[in-house]
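Understanding the architecture of this molecule
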Amino acid sequence: MLPLQDLETIGLATGGQLLLNVDDLKALLSGRRTGLMQLQNLEAENIRIKSIDAKISLKPDETGKLNLMIHPIYKKPATPSFLDDNEAHKLEKGEVGNYLKTTTDDKGNKKEILVEYDAETREFIVSDTEKILAPDMVNLQFLTAAQKENYRKGKEVTIADKTTFGYSATDPQGVKANKLALVASILIDGGLTYVVYKGLNMLFNQQRNEVDAAKLSPGYYNAVKDAENESPRVPNQMSRSYTRSGSR
């Protein structure tokens, strides 16, 4: 359940009704950060801030309760210990899109993380690659195990219809592509969940011809039809999603 009281406190809900645009709501429900927005009446450590520009996200605690996280614009980024100065500099300057790192958690277990930089808030964003959900299909084309692994590691993936896409925690939609739209399908509980992405941003450090980017494959349009022909799923962590019963 969304923390409506907290959202009301900062001016993003009133009377139990959210005051978020569709894109920001989708980002929240999908576990991502929203775009920059103006928040009102923040209080922390006896300090009251009338308004501030920040992004927000939701983070579940050990009981599953969703806590509201606020990501303000920092004067200077705090460099994580697992990045050296050269790596941090390249991320900040936009010379590289991400770094794949292996770290050790509090229990001594190794884990793989993807590190990106949010230039809007001047903050390094860290994603656990095991928690990045790779699609099973894109535009009705199955991804190989290697392609799904590359997606989780922050690498670009290209499928047969020449759609190239990649994961990005800094993007409100969580994915960037050489096309303006794509349909991702994920197998959940024995059924396919369709996620229709539109208005996608360009891949890192690449330019695209907007006319070519708007030319979508038959697989995309067929996937959209499949999604629209199925009953809408109850809103959950997926944005604009639909399910179809049955296995692959």
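This text follows the structure it describes.
Attention here is on the structure that accompanies the text. Residue positions are given per chain, counting from 1 as you read along its sequence in written order. In keeping with the predicted nature of the model, local features appear solely for residues at pLDDT of at least 70, side-chain atom pairs appear and are counted solely at 80 or more, and the whole-chain, interface and lining totals rest on all residues. As a convention, hydrogens and water are excluded, and side-chain values are obtained from all of the structure's heavy atoms.

Quick word on the overall build of the chain
For the purposes of this entry, the term helix denotes a DSSP run of H or I that reaches at least four residues, the term strand denotes a run of E that reaches at least two, and both are numbered from the N terminus. Scanning the chain for helices and strands turns up six helices and 16 strands. In this setup the radius of gyration rests on C-alpha atoms only. A globule is expected at 2.2 Å times the number of residues raised to 0.38. Taken over C-alpha atoms, the radius of gyration comes to 19 Å for the chain, in line with the 18 Å a tight globule of 248 residues would show. Taken along its principal axes, the extent of the C-alpha atoms in the chain is 55 × 50 × 45 Å. The buried share of the chain, reckoned over its 248 residues, is 42%. The positive charge centre, built from 33 side chains, and the negative charge centre, built from 34, are 3 Å apart in the chain. Only protein chains enter the accessibility calculation, which uses a 1.4 Å probe. A residue is then buried if its area is under 20% of the maximum for its type, exposed if over 50%, and partly exposed in between. For this count, His and the chain ends are skipped, Lys and Arg are scored as positive, and Asp and Glu as negative. The atom standing in for a charge is NZ when the residue is Lys, CZ when it is Arg, CG when it is Asp and CD when it is Glu.

Some points on the nonpolar core
Here, nonpolar core refers to any group of buried Ala, Val, Leu, Ile, Met, Phe, Trp, Tyr and Cys residues whose side-chain atoms link them within 4.5 Å. Counting 19 residues, the largest nonpolar core has Y151, F165, L182 and Y197 as the members making the most contacts within it. For this core, the secondary structure elements donating two or more residues are β12 (164-167), β13 (175-177), β14 (181-188) and β15 (191-198). Counting 14 residues, the second largest nonpolar core, distinct from the first, contains L28, M37, A54 and L68.

Observations regarding the side chain of T103
As for its position among the elements, T103 is in strand β6 (residues 99-104). The exposure class of T103 is buried, given its relative accessible area of 14%. In this view, T103 contacts F82, N109, K110, K111 and I113; residues no more than four positions away in its chain are not counted. Only heavy atoms enter the contact rule, under which two residues are in contact if any of them lie within 4.5 Å.

Some words on the pattern of salt bridges
Salt bridges are defined by distance alone: a side-chain nitrogen of Lys or Arg within 4 Å of a carboxyl oxygen of Asp or Glu. Evaluated as defined, the whole model comprises 10 salt bridges. Across the pair D136 and K148 runs a salt bridge, and its minimum N-O distance is 2.7 Å. Taken together, the positions of D136 in the loop between β8 (123-128) and β9 (137-138) and K148 in helix α4 (residues 145-152) put the pair 12 residues apart, joining distant regions of the chain. K148 shares its class with D136; the two are buried. Residues participating in the shared-partner salt-bridge network are E112, E149, R152 and K153.

A closer look at helix α2 (residues 22-29)
Helical geometry: 3.6 residues make up each α-helical turn, so side chains three or four residues apart lie on a common side. Residues of α2 that are buried include every one of D24, A27 and L28, and no others. The buried residues of α2 all sit within an arc of 100 degrees when viewed along its axis, so they share a single face. Set apart from the buried face of α2 by more than 90 degrees, the exposed residues are V22 and D23. Where α2 starts, the residue carrying a side-chain oxygen 3.2 Å from the main-chain nitrogen of D23 turns out to be N21. G31 occupies a position one or two residues after α2 and carries a positive phi of about 80 degrees. It is the directions from the helix axis to the C-beta atoms whose arc is reported. Here a polar contact is recorded for every N or O atom pair within 3.5 Å, except that within protein the pair must consist of a potential hydrogen donor and a potential acceptor, and residues adjacent in sequence are included only if both atoms are side-chain atoms.

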